[in-house]
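# Residue-level structural notes
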Amino acid sequence: MHSFKMLKVLSELPQVNPMSGKGAWASGPSFGENKFHWRSLTPRRMFNRNLGLQANKEYFELEGNKFLILGGSMHYFRVPRAYWTDRMLKMKALGLNTLTTYVPWNLHEPQRGTFNFKDDLDLEVFLQLANDLDFWVILRPGPYICSEWDLGGLPSWLLRDKNMKLRTTYTGFTDAVNGFFNVLIPKVLPFQYKEGGPIIAVQVENEYGGYAKDNKYMAYVKEALLSRGIVELLMSSDNKNGLSKGSIAGVLPTFNFQKLESGLALMKDAEPGKPKMVMEYWSGWFDHWGGNHHIYREGILKTITALLKKGISINLYMFHGGTNFGFMNGAEDFGTYSPDVTSYDYDAPLSEAGDYTDKYMQIRKLYSKYLGEELPEMPHMMHKSRYGSVHPKEYFPLWNALRHLEKPIKSERPINMENLPINNGSGQAYGYTLYTTIISSGGVLRSEKNVRDRAQVFVGSQSIGFLDYKNVELTIPDITGKQNLSLLVENCGRVNYGKKLDEQRKGLLGDIFLNKQPLKGFTIYPLEMKTSFIESFSTVQLFPIPEKPIFPAFFYGSFYVESLPRDTFVKLAGWEKGVVFVNGLNLGRYWAIGPQRNLYLPAPWMQHGNNEIIIFEERKAGKTIEFVHQPDLGQTEHV
């Protein structure tokens, strides 16, 4: 573990406030008697534990002592396990005393009844580390978490039930929640405050007031936690769209917002005589493909200062965003479907790659002033490396790869991803699905809006266009004889917030029509692109890349790391859309429409010596794969 040394000279910090763009902030705000000292109120110094975190007055009390939560969100599932310590130490150096994290049900139970709490998903190790580094923890176990995460953290196999009503007391949903909580909650019980652990509060569901389809549901989730042994303070969390509908007796409401004026208006309706907490003070914002990279600077220090002066607890959402590795990004749909990018940088105080930002430095200075003391020394920045350029020489067309998949599914009509008979009855969760049938004429192909989310259409191996939410019709050229018609459908990410959660089935949801007649007789190939499938390329004969490659295809390259690996960023100039795999692991999606231009590749994913990189590209390959030392999240837009 790193030792905590005191900073020698606070005055060496920048005096210019880059957040507002206005001159020097020489001495900062004056907090007077509102200064808060919590150094004695930490997990390693609290030996007599009886009361826990209480919310019976206008301020929190911890074991009878006035307490203010200075929190930051960091999600263990978005950060390589090897970096948990580094990120927490940087959180400590910001002056925070509490860590908040969601728990993603869909990663922990990828197939019904099959659980994974290992490696980067080892929640118990994460909680123990937080305790060892003297952080309190607010646990947010869902079952729904939003978080710009596929289906808000709910497993897609729930949608196999055609009558499923997510986030309600529908029996099919509560039975599944009970099964998950029966495994999850016993793992976290020993980490509760009264058991000597760091968990001082547990959140009941998440922003339910913005959904509110069942007035009995919040009571169910509350009881599901209590009956399994949760004894710490319970909280709820809502924004302006649902505070009145998301509250429940015996659960402390907390607030989510970004701008000070709207936040203060929201908190006016808070129950008198109770402490106020901003569970999600949005320190930045997330990005969609085809949009800009959102940044939030103006007003952030003003808002934090105003909340501190009022004695309001604050949790920075996010302190450190991390990455939507693999296919786990969420999406938004309030009339227009918009999937989120791979990066979850969020313009947070600590960048996606764990680097300090101007925002971090200014918040740190503010918190030092508020706490009236120097803060722990900032850990060193992690070095980044350029690994030069890789020129792929070999590739493997998708059509050749099909024979290396498991036996395809035969069906007279299309079957959506979730209902495919694979993965022990849990269906396909992520990736692509290829639907192939036989046609004997050209004509007009219509999707009837049954494509979710984006389909590349082929006659034989020739791409003729795309179907998606906007493009629902394609003209198929005249053909002779019989030809294969294929639709490669990508699940671009399930919606994570709003009223459409029940509608997030992917693939082909119904009939596709050619000349007004429904197509039949499909052969269906699930392309989940799991690590085992990607690693199988080491055993097949790859082809030299011709001048005009056949798409889609997997392009193979390798690069050599001479010493210990360092973080880098994968730049794909000239490539159009696809997925990157390094040493068999899914780094995430790229798309030339931006805003994100480079993909973050953390050092723990690489090894000394030879490393393999495989690019699945849909239709246009570049000549090189570059490894650069800086991110490129795209053109910025202030929120």
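Residues numbered from 1 in each chain as written. Predicted model: local features only at pLDDT ≥ 70, side-chain atom pairs only at ≥ 80, totals over all residues. Heavy atoms only, no water.

Our focus in this paragraph is the overall build of the protein chain. Across its full length, the protein chain carries eleven helices and 39 strands. What you see for the protein chain is a C-alpha radius of gyration of 26 Å, in line with the 26 Å of a compact globule of 639 residues. Along the longest, intermediate and shortest principal axes, the C-alpha atoms of the protein chain span 85 × 55 × 40 Å. Counting across all 639 residues of the protein chain, residues that qualify as buried make up 62%. Pairs at least 24 apart in sequence give 79% of the contacts found in the protein chain among residues at least 6 apart. About 25,100 Å² of surface is accessible on the protein chain, with carbon and sulfur atoms providing 49% of the total. (Helix = DSSP H or I, 4+ residues; strand = E, 2+ residues; numbered from the N terminus. Rg over C-alpha atoms; globule rule 2.2 N^0.38 Å. Buried < 20%, exposed > 50% of the residue type's maximum accessible area, 1.4 Å probe, protein only. Contact = heavy atoms within 4.5 Å. Areas by Shrake-Rupley, 256 points an atom, 1.4 Å probe, with all protein chains shown as cover.)

Ordered by their spatial adjacency, eight strands build a closed barrel running E6-E7-E8-E9-E10-E11-E12-E14, and the pairing between neighbours is parallel. Taking the axes of each pair of neighbouring strands and ignoring which way they run, one obtains an average angle of 30° across the sheet. Relative to strand E12 (residues 277-282), strand E11 (residues 252-257) runs parallel, the two sharing three bridges. When the bridges of E12 are listed, Asn256 appears paired with Glu280. Helix-sheet contacts for helix H5 (residues 217-226) involve strand E9 (199-203) and strand E10 (233-238), and the interaxial angle to E10 is about 150°. (Pairing = 2+ DSSP bridges. Axes fitted to C-alpha atoms, helices over the stretch in contact; angles between N-to-C directions.)

A full pass over the atoms with the stated rule returns 43 aromatic pairs. Sitting over the ring of Tyr356, Lys90 keeps its end group 5.4 Å from the ring centre. Cation over ring: Lys577 sits above Trp591, and NZ or CZ is 4.6 Å from the ring centre. (Phe/Tyr/Trp six-rings, centres within 6.5 Å; stacked < 30°, edge-to-face > 60°. Lys NZ or Arg CZ within 6 Å of the ring centre and 35° of its normal.)

Turning to the pattern of salt bridges, a few remarks are in order. Using the criterion set out here, one finds 26 salt bridges in the structure. The shortest N-O distance in the salt bridge between Glu205 and Arg167 comes to 2.7 Å. Of this pair, Glu205 sits in the loop between E9 and H5 while Arg167 sits in the loop between strand E8 (136-140) and helix H4 (171-188); the two residues are 38 residues apart in sequence, bridging distant segments of the chain. The pair formed by Glu205 and Arg167 is uniform in burial state, with each residue classed as buried. The partner of Asp511 in a salt bridge is Arg413, and the shortest N-O contact between them spans 2.9 Å. In this pair, Asp511 sits in the loop between strand E27 (507-508) and strand E28 (513-514) while Arg413 sits in the loop between strand E19 (409-411) and strand E20 (432-439), placing the two residues 98 residues apart along the sequence. A cluster of three or more residues bridged by salt bridges with shared partners is formed by Arg454, Glu490, Lys577, Arg589 and Glu618. (Salt bridge = Lys/Arg side-chain N within 4 Å of Asp/Glu carboxyl O.)

Attention now moves to the side chain of Glu528. Relative to the elements of secondary structure, Glu528 occurs in the loop between strand E30 (522-527) and helix H11 (531-535). In terms of polar contacts, Glu528 uses its side chain to reach the side chain of Asn423, at 2.7 Å. Those residues in contact with Glu528, other than ones at most four positions away along the chain, are Phe327, Ile422, Asn423, Gly427, Gln428, Ala429, Tyr430 and Tyr432. (Polar contact = N/O pair within 3.5 Å; in protein donor to acceptor, adjacent residues only side chain to side chain.)

Residues Leu166, Ile304 and Phe554 are the most contacted members of the largest nonpolar core, which totals 140 residues. Sort the elements by how many residues they give to this core and H4 lands first, with eight residues. Not counting residues within four places of it along the chain, the set of residues in contact with Phe554 comprises Glu394, Tyr395, Phe396, Leu398, Ala401, Met529, Phe533, Ile534, Phe537, Ile614, Ile615 and Phe616. (Core = buried A, V, L, I, M, F, W, Y, C linked by side-chain atoms within 4.5 Å.)

This part is about the pairing of strand E14 (residues 313-320). Extensive coverage of E14 is indicated by the burial of eight of its eight residues. Across four bridges, strand E6 (residues 70-74) lies against E14 in parallel orientation. Of the residues in E14, the one forming a bridge with Met74 is His320. Alignment of E12 against E14, held across four bridges, turns out to be parallel. What sits directly across from Met277, in E14, is Ser313.

Attention now goes to the packing of helix H1 (residues 84-93) against helix H3 (residues 123-132). Where H1 contacts H3, the two axes come as close as 11 Å, and the packing angle between them is 35°. As for the relative orientation of H1 and H3, their crossing is right-handed in sense. Seen from H1, the contacting residues are Trp84, Thr85 and Met88; seen from H3, they are Val125, Phe126, Leu129 and Ala130. Here the residues of the contact of H1 with H3 sort into six nonpolar, one polar and no charged. (Left-handed = near helix turned anticlockwise from the far one by under 90°. Nonpolar A, V, L, I, M, F, W, Y, C, P; charged D, E, K, R; others polar.)

Turning our attention to H5. Every buried residue of H5 is accounted for by Tyr217, Met218, Tyr220, Val221, Ala224 and Leu225. Projected down its long axis, H5 shows its buried positions confined to an angular sector of 160°, all on one face. Check the buried side of H5 and you find it contacts H4, E9, E10 and helix H6 (243-246). (Arc of directions from axis to C-beta.)

Right, let's talk about the environment of Ala219 for a bit. For Ala219, the location among the structural elements is in helix H5. For Ala219, a relative accessible area of 40% corresponds to the partly exposed category. Remark: the alpha-carbon pair of Ala219 and Thr305, spanning 86 residues in sequence, is separated by 35 Å.

Between the first and last C-alpha of helix H9 (residues 358-371) there are 20 Å, a value that for 14 residues agrees with the 20 Å anticipated at 1.5 Å per step. Where burial is concerned, most of H9 is hidden: twelve out of the 14 residues are buried. Of the positions making up H9, those classed as buried are Lys359, Tyr360, Met361, Gln362, Ile363, Arg364, Lys365, Leu366, Tyr367, Ser368, Tyr370 and Leu371. At the exit of H9 stands Gly372, carrying a positive phi of roughly 70°. (Expected span 1.5 Å × (residues − 1).)

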